[in-house]
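# Survey of secondary and tertiary structure
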Number of protein chains: 2
Amino acid sequence: MVVDEWSDETVDRLFHALADTTRRDILRRCVRAELSVSRLAEAYPMSFAAVQKHVAVLERAGLVTKQRSGREQLVRTDPDAVGRAHQALDELESAWRGRVDRMARLLAENPETEENDTTEGPER
Amino acid sequence: MVVDEWSDETVDRLFHALADTTRRDILRRCVRAELSVSRLAEAYPMSFAAVQKHVAVLERAGLVTKQRSGREQLVRTDPDAVGRAHQALDELESAWRGRVDRMARLLAENPETEENDTTEGPER
DNA sequence: CTCATCTACAACCATTTGGTTGTACGTTAG
DNA sequence: CTAACGTACAACCAAATGGTTGTAGATGAG
């Protein structure tokens, strides 16, 4: 059970970082190649400083890391980052339903939504 | 393959709704039992109106639905909600890792143990 | 009917967010 | 060395967030 329990703040930062189109795009770009912040900034219709802030948000959320290379700061998406987001969702989910059920649902993926359970009460 | 492509705004709303401890807690509570907004509000150290707003955010994100029952408004977590969040993450991931890999990872995930990905080497 | 309850929503406020510009500093190119 | 580049960071601003109180409309209980 590698069910690391994160602090609420950690999860807040994670999802908040993901809740922005520009930041998600930065994540996509910086996984295929490390990009300097300036290079990144060229891609968006906003100032360098704005992009810098977005990167900072991603960094605080643990979604990217920065590495100096000369005068450039190379941004790179943490390969495990999205995995951690999945895990955070699983943790949410596990409050009421086992992962088994979740898998079954995903795999079945049928239109008919199954009924409420209330099967077991993991009382809080 | 129901790989619905969502608008940026939709994904923004989804993650933003998840980026708050109170809202995540509401999700957890309202999946095992439908709760009225008042009942929910009793659980938090904030006003009824504040909880109402949180529920509204969750509703706009498609994470919960409300159903009238007399004078009460019963809140209920959408069973597929977290699944959609996973899917949104997968979509992000697919930028550098094929959906095939994703499926492989999902299928490889076994019931009892924890998922740890990085199952295969994503060329990078 | 009357009253208490549950909900909806507006108005307001403090803080955060997402953006801007400007300035300063380290590093590399010439 | 000097100039250009890449970065960091502060100050500022508008808009969004997260919270409050207050008011008003439905609905159920008695």
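Refer to the structure above for everything that follows.
Here we summarise the structure given alongside this text.

Another point: the overall build of chain A. Secondary structure summary: chain A contains 6 helices and 3 strands in total. Start at the N end of chain A and walk to the C end: the helices and strands fall as α-α-β-α-α-β-β-α-α. Within chain A, the proportion of its 124 residues that are buried is 40%. By sequence separation, contacts in chain A at least 24 residues apart represent 53% of the contacts at least 6 residues apart. As displayed, chain A has an accessible area near 6900 Å², and 47% of this comes from carbon and sulfur atoms.

Residues and elements named next belong to chain B. Their axes nearest at 11 Å, the elements helix α1 (residues 8-18) and helix α5 (residues 81-93) cross at an angle of 120 degrees. Here α5 runs oblique to α1, going by the angle between their axes. α5 is crossed by α1, and the crossing has left-handed handedness. Of α5, the residues touching α1 (which contributes V11, L14, F15 and L18) are R84, A85, A88 and L89. For the contact of α1 with α5, a count of residues per class yields 7 nonpolar, no polar and 1 charged.

With that settled, the discussion passes to the pattern of salt bridges. Going through the model one piece at a time under the given rule, you end up with 14 salt bridges over all chains. One salt bridge connects E59(A) with K66(A), and the closest N-O pair in it is separated by 3.7 Å. K66(A) sits in the partly exposed class, given a relative accessible area of 33%. Between D25(B) and R28(B) there is a salt bridge, with its nearest N and O atoms 3.4 Å apart. Here D25(B) and its partner R28(B) are both found in helix α2 (residues 21-32), 3 residues apart, which amounts to about one turn of the helix. Judged by its relative accessible area of 12%, D25(B) falls in the buried class. A relative accessible area of 24% places R28(B) in the partly exposed class.

When we look at burial in helix α1 (residues 8-18) of chain A, the residues that qualify are V11(A), L14(A), F15(A), A17(A) and L18(A). All buried residues of α1(A) lie within an arc of 160 degrees about the axis, which places them on one face of the element. The secondary structure elements touched by the buried residues of α1(A) are α2 (21-32), α4 (48-60) and α5 (81-93) of chain A together with α1, α2 and α5 of chain B.

Taken together, 22 residues surround DNA strand D, and among them S38(A), Q73(A), S47(B), K53(B) and H54(B) come closest. Here DNA strand D approaches the protein such that, of its atoms within 4 Å, sugar and phosphate make up 62%. Within the contact set of DNA strand D, a phosphate oxygen lies 2.4 Å away from a side-chain nitrogen or oxygen of Q73(A). At a separation of 2.2 Å, a phosphate oxygen of DNA strand D approaches a polar side-chain atom of H54(B). Of all the elements in the fold, those that place two or more residues in the surface near DNA strand D are α3 (37-42), α4, β2 (64-69) and β3 (72-77) of chain A together with α4 (48-60) of chain B.

What follows concerns a negative patch on the surface. Residues and elements named next belong to chain A. A cluster of acidic residues, D4, E5, D8 and E9, forms a negative patch at the surface. By the element assignment, D8 lies in helix α1. D8 gets classed as partly exposed once you look at its relative accessible area, which sits at 40%.

What follows is about the pairing of β3(A). All names here are of chain A. Sheet topology places strand β1 (residues 35-36) next to β3; 2 bridges connect them, and they run antiparallel. Bridge pairing links L35 to V75 in β3. As defined by bridge partners, β2 adjoins β3 across 6 bridges and the pair is classed as antiparallel. Each residue of the ladder has a partner; that of Q67, found in β3, is L74. With antiparallel pairing between neighbouring strands as the criterion, β2 and β3 make up a hairpin whose turn holds 2 residues, including G70 at a positive phi of roughly 70 degrees.

Counting across every chain of the model gives 1 aromatic pair over all chains. Between F15(A) and F15(B), the aromatic rings sit 6.1 Å apart at their centres with planes inclined by 20 degrees, giving stacked as the arrangement. Here F15(A), found in helix α1, pairs with F15(B), found in helix α1, and the two come from separate chains. Accessibility expressed as a relative area gives 0% for F15(A), which makes it buried.

Rules and cut-offs
- Going along each chain's sequence as written, the residues are numbered from 1 onward.
- The order in which chains are written sets their letters, starting at A; the order in which ligands are written sets their numbers, starting at 1.
- Local features are withheld for residues below a pLDDT of 70 in this predicted model, meaning they are given only at 70 or higher, and side-chain atom pairs are given and counted only at 80 or more; totals for whole chains, interfaces and linings count all residues.
- Neither water nor hydrogens contribute to the side-chain values; these are computed over all heavy atoms in the structure.
- Numbered from the N terminus, helices here are DSSP runs of H or I no shorter than four residues, and strands are runs of E no shorter than two.
- Exposure categories follow from relative accessible area, calculated using a 1.4 Å probe and restricted to protein chains: below 20% of the type maximum is buried, above 50% is exposed, and the middle band is partly exposed.
- Working rule for contacts: check all heavy atoms of both residues, and any pair within 4.5 Å makes them a contact.
- Working definition of accessibility: Shrake-Rupley area with a 1.4 Å probe, residue cover restricted to the visible protein chains.
- To define axes, lines are fitted to C-alpha atoms, for helices over the stretch in contact only, and angles between the resulting N-to-C directions are given on a 0 to 180 degree scale.
- Here roughly perpendicular refers to angles of 65 to 115 degrees, roughly parallel to angles under 35, roughly antiparallel to angles over 145, and oblique to all remaining angles.
- Each crossing gets its handedness from the near helix: less than a right angle anticlockwise from the far helix is left-handed, clockwise is right-handed.
- Ten residue types, Ala, Val, Leu, Ile, Met, Phe, Trp, Tyr, Cys and Pro, are classed as nonpolar, four, Asp, Glu, Lys and Arg, as charged, and the remainder, Gly among them, as polar.
- The working definition used for a salt bridge is a side-chain nitrogen of Lys or Arg within 4 Å of a carboxyl oxygen of Asp or Glu.
- The arc in question is the one traced by the directions running from the helix axis out to the C-beta atoms.
- We call a residue near a molecule or strand as soon as one heavy atom of that residue lies within 4 Å of the molecule or strand.
- Under the rule applied, a polar contact is a pair of N or O atoms within 3.5 Å (in protein, one hydrogen donor and one hydrogen acceptor; residues adjacent in sequence only if both atoms are side-chain atoms).
- Patch members must show over 30% relative accessible area and no salt bridge, and they are joined within 9 Å when carrying like charges or within 5 Å when they are nonpolar side chains of Val, Leu, Ile, Met, Phe, Trp or Tyr.
- Neither His nor the chain ends contribute to the count of charged residues, in which Lys and Arg are positive and Asp and Glu negative.
- Each charge is placed at NZ for Lys, CZ for Arg, CG for Asp and CD for Glu.
- For two strands to be treated as a pair, DSSP must find no fewer than two bridges joining them.
- For Phe, Tyr and Trp, where Trp contributes only its six-membered ring, two rings pair if their centres lie within 6.5 Å, and the inter-plane angle classes them as stacked under 30 degrees, edge-to-face over 60, or tilted in between.

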